[in-house]
Amino acid sequence: MSAAVNPSKVKPAPAALPLGVNTPSVTLPLAFMVTGLLALGAGMGWLVLQPRLLATYHYNQYVIAVTHLFVLGWICSVVMGAMYQLVPVALETKLYSERLARWQFAFHLVGFIGMVWMFRVWNMKQVGHFGSVLALGVGLFVYNMARTLRRVPKWNVTAVAVAAALFWSSFTVTAGLSIAIAKCSYDSTEGLAAAQGVRTLVDGLRSIAGFMSRFDAIGAMHAHAHLGGVGFFTMLIVGVSYKLIPMFTLSEIQSKRRAAGSIILLNVGLTGSFATILLRSPWKLAFALVGVGALAIYGWELAAILRARKRQTLDWGITYFLTAVVLLFPLSGLAVALSWPGLPLNLFTGQLENVYGFLGLIGVVSFAIIGMLYKIIPFLVWFGRYSRQIGRAQVPSLADLYSARLQAAGYWTFLAGLAAACGAAGLSSEMGVRIGCGLVSLGVATLALNVGTMLTHLFRPKPRPLSLQTSPVPKPV
Amino acid sequence: MSTVTEAAILETLRQVIDPELGCNIVDLGLIYGVTVTGAKVAVVMTLTTPGCPMHESLRWGAQQALVNLEGVDAAEVEVVWDPPWHPSLMTEAGRAATGVGGF
């Protein structure tokens, strides 16, 4: 017993809920995560087979298709699945509805697969249809999360960041659908009678298309991409890490003002960046600098949290995550360079935009996600299989569920592949892109192997008997 | 008269491992108090952080371990947040197992 604590001075915590009440069943987030891994593998395989997608300018149907495979299939699947699990736990509340989450998974799956396929064959009408299915799922997701946030007993910087990310995710989908609507032709609807009711819908779509025609297509696409990449993904990485990094390293937030400042500035920077990218304004640089400033403050606070940590050893999961944070430096440098007023769009700067996108999605966001996956999946498997056996049998620790050596090998392979692919994309080298993406694929394979190893515990648990002398037959509680 | 000693209870609770940190809850310094009344045991414990995803599992595990101990008929485990846990509450064995230091 801890001698430093006087038992008579302790104050009770709110009554604990029954086991598993706060979180959805483990199969739901695991289904999202396995989907995400399959999409990542498919996307990297696509780039290995067609490296010119990264070695040439990105405004074509195939690049847009593979980008949506990464963004919706890989990143959104994992992030949404993780949020259903993490948000209730991190914010000490309960998920509003698991049923809605299951429906969202179905809409998400149909929506993103259909969108990727239709982007590939460049059928924008069908992109709009599948995008609407995806948007329906996102609507359910945002509603479910918003109702969950309403139950949060005490708001903090993480809750604010999650709320902001939900807003930006809705905006991203709205902007994406608007872009798709603007690319559709409505000539075939001329014969529709007003009484059919469809006419009103078509008129609405025409007005959206008319409004979107004020903006140039590439500017709108870049603005849409930043809404998702910064507003949804980066916002969550920053906000959630303020809860999880102290939790995993036994530390605490060192300055709440600094943490709040980073979230506020990130929102301000994104708002300005969205408008200035869309309008191709020279003020783009100013707002890019605001965003970079937000990330600098985030890095400052994260460094302070890590300096104050009590757990000296940083495991590979945390190392993956911190690598994502380090990669924000070159990414921010590229963001500033590409926002420079009067920057000419030539072969090289066009390729730098490819590097920027690849480094952001496969570098920063993917490293952060993989780091967190190495925390979340072992927990889900452990919780699903061993949480009822703790105290009755010797159960494995989370680190026992996977191979740390494979994890380390995957880290270096992924990092080397990322560096090679980025360098090759900048130099328009198809062979270099193929080699780099091949290495990243190997890194993904190690992750898949480790995830497979973890999942086997769900079907073949490996508890051992307790070593202590206890009652021969466990008694019911 | 109680046949269960506090030492036996703590030894039993050492079987309950925090799966994230890979260390038992006694050496982590999570156990704040143990009261034995006949065959009933009451334990007051904490967790490393509020919102710990292992909250329910560890409380359940401690209770399970105790009720399976010979001489114990009933066990009650209460989780408290005040005073908050601090690494200085860990034993030497706990610090060695988790790599915690620097305070």
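Source: prediction; values computed, not measured.

### Points about the overall build of chain A
Line of reasoning, step 1. Across its full length, chain A holds 14 helices and 3 strands.
Line of reasoning, step 2. A compact globule built from 477 residues should have a C-alpha radius of gyration of about 23 Å, and chain A, at 24 Å, falls within 12% of that.
Line of reasoning, step 3. Within chain A, the proportion of its 477 residues that are buried is 48%.
Line of reasoning, step 4. Here the contacts in chain A between residues at least 6 apart in sequence split such that 81% fall between residues at least 24 apart.

### Examining the overall build of chain B
Line of reasoning, step 1. The number of helices and strands found in chain B is 3 helices and 5 strands.
Line of reasoning, step 2. The N-to-C order of helical and strand elements in chain B reads α-β-β-β-β-α-β-α.
Line of reasoning, step 3. Its C-alpha atoms give chain B a radius of gyration of 13 Å, near enough to 13 Å, the size a compact globule of 103 residues would have.
Line of reasoning, step 4. Taken over the C-alpha atoms alone, chain B extends approximately 45 × 25 × 20 Å along its principal axes.
Line of reasoning, step 5. The buried share of chain B, taken over its 103 residues, is 57%.
Line of reasoning, step 6. Summarising the internal contacts of chain B: among those between residues at least 6 apart in sequence, 60% fall at separations of at least 24.

### Some points on the nonpolar core
Residue and element names in this part refer to chain A.
Line of reasoning, step 1. Ranked by internal contacts, the top residues of the largest apolar core, which has 186 residues, are Ile75 and Ala421.
Line of reasoning, step 2. If you tally residues by element for this core, the top one is helix α12 (residues 347-385), at 22 residues.
Line of reasoning, step 3. Sequence-distant contacts of Ala421, that is, excluding residues within four places in its chain, are made with Leu54, Phe358, Val433, Gly436, Cys437 and Val440.

### A few points about the packing of α12(A) against helix α14 (residues 430-459) of chain A
All names here are of chain A.
Line of reasoning, step 1. Where α12 meets α14, the closest approach of the two axes is 9 Å, and the angle between their N-to-C directions is 10°. Taken together, α12 and α14 sit at an angle that is classed as roughly parallel. Note on packing geometry: the crossing formed by α12 with α14 is left-handed. Touching Ile362, Ile370, Ile377, Pro378, Val381, Gly384 and Arg385 of α12 are Val440, Leu447, Val451, Met454, Leu455, His457 and Leu458, all from α14.
Line of reasoning, step 2. When its residues are assigned to classes, the contact of α12 with α14 shows 11 nonpolar, 2 polar and 1 charged.

### Here's the deal with the confidence of the model for chain B
All names here are of chain B.
Line of reasoning, step 1. Here chain B averages 88 in pLDDT, while 95% of its residues score no lower than 70.
Line of reasoning, step 2. Across chain B, the secondary-structure element scoring lowest on mean pLDDT is helix α3 (residues 92-98), at 87, and the one scoring highest is strand β4 (residues 40-45), at 94.
Line of reasoning, step 3. In the predicted complex, the global pTM is 0.87; the interface-specific ipTM is 0.79.

### Digging into the environment of Val100(B)
Line of reasoning, step 1. In this fold, Val100(B) is placed in the segment after α3.
Line of reasoning, step 2. With 56 residues separating them along the chain, Val100(B) and Val44(B) place their C-alpha atoms 23 Å apart.
Line of reasoning, step 3. Not counting the four nearest positions on each side in its chain, Val100(B) is found in contact with Leu250(A), Lys310(A), Arg311(A), Pro87(B), Met90(B) and Arg95(B).

### Points about the pairing of strand β5 (residues 74-82) of chain B
All names here are of chain B.
Line of reasoning, step 1. Two elements, β4 and β5, share 6 bridges in a ladder whose sense is parallel. Each residue of the ladder has a partner; that of Ala42, found in β5, is Glu76.
Line of reasoning, step 2. Taken together, β4, helix α2 (residues 55-67) and β5 form a β-α-β motif whose crossover is right-handed.

### Quick notes on helix α3 (residues 61-90) of chain A
Residue and element names in this part refer to chain A.
Line of reasoning, step 1. When the local axis directions of α3 are compared, the greatest deviation, roughly 35°, occurs at Met83.
Line of reasoning, step 2. Counting buried residues in α3 gives 27 out of 30 residues, a clear majority hidden from the surface.
Line of reasoning, step 3. Looking at the residues trailing α3, positive phi occurs at Glu92, about 55°.

The rules we used
Residues numbered from 1 in each chain as written. Chains lettered and ligands numbered in written order. Predicted model: local features only at pLDDT ≥ 70, side-chain atom pairs only at ≥ 80, totals over all residues. Helix = DSSP H or I, 4+ residues; strand = E, 2+ residues; numbered from the N terminus. Rg over C-alpha atoms; globule rule 2.2 N^0.38 Å. Buried ≥ 20, exposed ≤ 12 C-beta atoms within 10 Å, placed from the backbone. Contact = placed C-beta atoms within 7 Å. Core = buried A, V, L, I, M, F, W, Y, C linked by C-beta atoms within 7 Å. Axes fitted to C-alpha atoms, helices over the stretch in contact; angles between N-to-C directions. Parallel < 35°, antiparallel > 145°, perpendicular 65-115°, else oblique. Left-handed = near helix turned anticlockwise from the far one by under 90°. Nonpolar A, V, L, I, M, F, W, Y, C, P; charged D, E, K, R; others polar. pLDDT = per-residue confidence, 0-100. Pairing = 2+ DSSP bridges. Right-handed = clockwise from strand over helix to strand, strands pointing away. Bend = angle between axes of the 7 residues up to and from the residue.

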